[in-house]
Each structure stands twice: as C-alpha cells, then as structure tokens.
Amino acid sequence: MLKQYFDLILYKTYADLRAETERTYLGFLWWVFEPILFMGVFYLVFGVLFNNGIERFTQFLLIGLVTWQWFKSSLAHGEQTILANRPLIQQIYLPKIVFPIILVLTDSVKFVFIFVLLLVFLWSTGSLPGTAYLALPLVLFVELLFILACTLLLAAIVPFIPDLRFVTENFLTAVFFMSGLFFKAAETVPPHLQFYFYLNPMANLIEDYRHILMYNQLPNWTALLVIALVSLAGIVFSAWLIRRFEFLYPKITA
Amino acid sequence: MPDIHPILSLHQVGVFYRRHRGIFGEPFWALKEVSFKLHAGETLGIIGRNGAGKSTLLRLLAGIIKPDRGEVQRSGGYRTSLLSLNLGFIPYLNGRENAMLGGMLLGLRRHEIAARLEQIKAFSELEDFFERPINTYSSGMLARLGFSVAFQADPDILLIDEVLGVGDAQFNQKSTLAMQEKIKAGKTVVFVSHNGQIIHEICDRVVWIENGVTQAEGSPHEVLSAYHKTLHL
C-alpha cells in the first residue's frame, strides 16, 4: 500500500515539475533565472549600496539567500497544499500527507539546480571545496528535515484556520531578517541576545553552510543534532495530526 | 437476491457538515439515518431528489469520509471508488501523462496503468492528440480521455454518480455501452441518480433516500413507484 503512494508521490512530483516548465516560454530556465533576479536585487542593495565590511560579502549573502529560499518557498507553498487539493480529496481517498510531501519534493528539485549554480559561483570566485564539504550532505539533510516538519505542520492546520496564512507570511519575513543573512551574528548580535538568536534553526543552518562553503570549517554538530531531533519529532507529530484529521479534511466547506 | 454476506452494509448512518467556515459552526446533518446492504455482484440503485444526501453517501461509500454516527461495515479487501472523470488532470501535460497520473490517483499501480495506456489511447480515439497537451483538447476530447482512464481503473465496487456515458453522441453511446457491459458482467455497482428510468433499466435493487433518511429498499418496481408517487403529489 505504501509502495503505491510512493509511486504516486514520485510521479506527481515529476508531473508538477513538467507542468511548470510547460507553462512558460523559457520553461525550466525560470528555475534558475527567477532566483538570480531575486538574488540580484539583494546583492544590489546589501552588497553594493550597503557597506557592511564583511569579506567576500556576495558569497556570504548568496549562501544565506539560496538556502533560505528553499525553506521559505516550501513553507509558503506547502501550507496550502491540503486545502488546494480539496476537489481531489472529495473524489477519492488519498492519505493527505502526500500533498505537502509532493510540494517539498518539487521545491527541493528546483533548489538542487540553484544550489549547484551557487557552488559554481563560489568555486569561480575563489571559495574552493575543502574537506568540510564532507559534512555538506548532512547539513542539507537536516534542513530538509526541518523544512518537512514546518511544512507538514502548517499544511495540517491551515485547512482549519486559513487566516494563518497571513500570520505565517509575516512571521517568515521576520525570521528572514533574523536569520543572519546580512550580518555576522558573532559580531553584530549583542552577547546577551546570542542565545536567543541561535534558537532559530535557520540561523544555525545558514551559518553551518557558510562555515563549510566559505571557511572550510565543520558545522556545529550539537546544534545540528538538536535541529535534526526536533525536526524528526515535528514530522512525527504533524504526520499524526494529518492522519487524525484524515476524514475531516474532505468535509471542510469552502 | 441469494442470501450471502453483504460486502458492505450501512446501519443507521449519519454524516454532518458544519454550516459555517471550515469545521466550525452548528452541524448540518446531510445524512440522518441511512441503512442498506450491498451484495457482491449486484447493481444497487440509489434514488433521491437533489439535496437528498446522495453525494455525501457516495463519499461515505468510497471511504473518503467516516460516519458521525451509525456504522459502516465492509468485508475486507475490496477496493471501492467513485467513477471520476479527469481526476487530477494537469492542463499542460499530454494525454499519456495525464492518463498515468489519473490512473495512479484512481488507485492503480504504476505498472498497471502503464500496461493499459495503449488500451486507453485506443478507446479514447484520440490518436495523435494522445501525445499533445490536454489544454489543446476540445471538451469532447477531454471527456473521452477522462472516461477512458476512469474506465480502466476498475475497482471492486464501482460508484457511479448520475451519468454512465460522456462525450459527443457517438462516444456517449460507446461509453454507455461499455459501462452497461461492465455492469452486466457481474461487477458490484452503486448507481446514484434522480432519474428513475435509467435506474429501472440497469439496477437489480433500489434504495430511496429523502432528506438523509432511507425511505424504502427493494425491487426497482416497488421502490420507484413509491418514489414517483411522492414526486407527483
């Protein structure tokens, strides 16, 4: 039974990605162009106009933006998946958890393209891969766990409280500015607030990426382990929640 | 009816929705007290006027929702699903891809639907269009593809809402015939309609539901004449 849904998840992911490439003239090139445009804006404002004194700031900034966007887009799209598939789930039985999973997968595939582009940029501007790269898959995996936990949780609740979307949108913007994309926490954040700053998993993960990609340093293992465990607990809890409401979602009136 | 175990039975089943936003607000009972049995191989008709609770009943039978009171008993191992056309179709993808997707959504395994693609292509008479995006289809072509996919899904218990065939006159006849053949071949079918005539033609037994309550259950002749009596009062 699980095998069947696994096949469906993979095929639907493929189908959604293909539909996205078919929708525009430039197709899948947009997966690359769009983030480049987006990053270009931030580079212009914070890399050129702001003088912040951080060495290799473009690299510093782009690593944060690319890995943040993966998190943000999965969450922003994923929270609506169960609600948006209402016509479908009123026609057939499907475990509702497949919808947010499919979304996280499609966004992750797109992220892979952008991430490879980021690596090429880093290599061509002087940050060559070192031994710390061995830890990179692990950091990526932990971020994926964290993304899944947040997306599943929101996807489970948003159908009941659609108003939550406005809250998450602004909350995400707040977290965006507090994840250290534009500054070095060690130098900028007051010492007594550092503890709180690092309660944000994204702040930790972004710093880990920079350590590995720019400074050839290993990530903070303790923080990584904590994030992984909390995310796993979040995934289990959210999956339980979705399972619990399985037969309630189709009854939600528009 | 031979006296065998029913493969599905409803016992005083009720289902409610909420009147307001989402799941809040006072309950509205779409089904209040519905009871009947479904036996293997029979074609059971369900008749009732608009708003009688037929769509809710189909969702319940398909296992999409659970009853809020009463009991639904199923013999294990049967796959029940609604005949749904164009389920989950994506406009930018071609007929083949949508057939794959639709088939998998209807519960077929990947290899099962892949093996039936040529049959679907042939039955739908789409020919070259099968490889083109479905947003280039006419509505008749789309209906042909939708029916051909849904027809292949072939669950153990087939639930049909209102119509047997679709498409232009010629394909409508073809699809209606195909459905009727399947029904006659001993498939277990629940056919929901407000049209007494079709029910009379294809059903072995009929259940009449009004305002979410079972009014009568029995042979098409008995139940339909009772139904029509109230209709013309």
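Residues numbered from 1 in each chain as written. Chains lettered and ligands numbered in written order. Predicted model: local features only at pLDDT ≥ 70, side-chain atom pairs only at ≥ 80, totals over all residues. Heavy atoms only, no water.

Trainee: Could you give an account of the pattern of salt bridges, with specific residues and numbers?
Mentor: Using the criterion set out here, one finds 18 salt bridges over all chains in the structure. A salt bridge links A:Lys12 to A:Asp16; the shortest N-O distance between them is 2.9 Å. One end of the pair is A:Lys12 and the other is A:Asp16, both in helix H1 (residues 2–22) and four residues apart, which spans about a single turn. Here B:Glu131 makes a salt bridge to B:Arg96, at a shortest N to O gap of 2.8 Å. Highlighted residues: B:Glu131 in the loop between helix H3 (110–124) and helix H4 (139–153) and B:Arg96 in helix H2 (residues 95–105), separated in sequence by 35 residues. (Salt bridge = Lys/Arg side-chain N within 4 Å of Asp/Glu carboxyl O. Helix = DSSP H or I, 4+ residues; strand = E, 2+ residues; numbered from the N terminus.)

Trainee: Before we move on, can you summarise the environment of A:Leu229 with the specific residues and values?
Mentor: Residue and element names in this part refer to chain A. When you line up the elements, Leu-229 lands in helix H12 (residues 221–244). Given the relative accessible area of 53%, Leu-229 is considered exposed. Taking the C-alpha atoms as reference points, Leu-229 and Val-158, separated by 71 residues in sequence, lie 24 Å from one another. (Buried < 20%, exposed > 50% of the residue type's maximum accessible area, 1.4 Å probe, protein only.)

Trainee: Summarise the packing of aromatic side chains; cite the residues concerned and give the values.
Mentor: Counted according to the given criterion, the structure contains 34 aromatic pairs over all chains. Residues A:Trp30 and A:Phe33 carry aromatic rings whose centres are separated by 5.9 Å and whose planes lie at 85° to one another, so their mutual orientation is edge-to-face. Pair noted here: A:Trp30 and A:Phe33 are both in helix H2 (residues 29–49), with a separation of three residues, about one helical turn. Residue class for A:Phe33 comes out partly exposed when judged on its relative accessible area of 34%. Within the aromatic cluster, the residues linked to one another by ring pairs are A:Phe38, A:Phe42, A:Trp68, A:Phe71, A:Phe146, A:Phe176, A:Phe177 and A:Phe182. Over the ring of B:Phe16 we find A:Lys251; its NZ or CZ atom is 4.8 Å from the centre of that ring. A cation sits over an aromatic face here: B:Arg132 above B:Phe129, 4.3 Å from the ring centre. (Phe/Tyr/Trp six-rings, centres within 6.5 Å; stacked < 30°, edge-to-face > 60°. Lys NZ or Arg CZ within 6 Å of the ring centre and 35° of its normal.)

Trainee: Residues and numbers for the interface of chain A and chain B, please.
Mentor: Of the residues lining the interface, 30 residues belong to chain A; the matching set on chain B comes to 32 residues. The contact between chain A and chain B buries some 2900 Å² in all, and 65% of this surface belongs to carbon and sulfur atoms. Considering only the surface of chain A that becomes buried against chain B, A:Tyr11, A:Phe247 and A:Lys251 emerge as the three largest contributors, covering 24% of it. Run the count over chain A and chain B and you get two salt bridges. (Contact = heavy atoms within 4.5 Å. Buried area = accessible area lost by both parts, 1.4 Å probe.)

Trainee: Any chance you could break down the packing of helix H3 (residues 57–78) of chain A against helix H7 (residues 136–157) of chain A for me, citing the residues and the numbers?
Mentor: Residues and elements named next belong to chain A. Interhelical geometry of H3 versus H7 gives an angle of 20° and a closest axis separation of 9 Å. Overall, the two elements H3 and H7 adopt an arrangement that is roughly parallel. The way H3 lies across H7 gives a crossing that is right-handed. Residues Thr-67, Trp-70, Phe-71, Ser-74, Leu-75 and Gly-78 of H3 form the contact with H7, whose own contacting residues are Leu-140, Glu-143, Leu-144, Phe-146, Ile-147, Cys-150, Thr-151, Leu-154 and Ala-155. For the contact of H3 with H7, the per-class residue count stands at ten nonpolar, four polar and one charged. (Axes fitted to C-alpha atoms, helices over the stretch in contact; angles between N-to-C directions. Parallel < 35°, antiparallel > 145°, perpendicular 65-115°, else oblique. Left-handed = near helix turned anticlockwise from the far one by under 90°. Nonpolar A, V, L, I, M, F, W, Y, C, P; charged D, E, K, R; others polar.)

Trainee: If you had to explain the nonpolar core to someone new, which residues and values would you point to?
Mentor: Counting 121 residues, the largest nonpolar core has A:Trp68, A:Phe71, A:Phe115, A:Tyr209, A:Leu213 and B:Leu145 as its most contacted members. Core analysis: the second largest hydrophobic core is formed by 28 residues, B:Leu31, B:Val190, B:Val192 and B:Ile209 among them. (Core = buried A, V, L, I, M, F, W, Y, C linked by side-chain atoms within 4.5 Å.)

Trainee: Tell me about unusual backbone geometry, residues and numbers included.
Mentor: Apart from glycine, the bulk of residues carry a negative phi angle, and the bulk of peptide bonds sit in the trans form. A positive phi angle is found at A:Arg56, which is not glycine, with a value near 50°. Tracing the backbone shows A:Arg56 in the loop between H2 and H3. Since its relative accessible area comes to 33%, A:Arg56 is described here as partly exposed. For B:Asn211, which is not glycine, the phi dihedral falls at a positive 50°. The residue B:Asn211 is located in the loop between strand S8 (205–210) and strand S9 (213–218) in this model.

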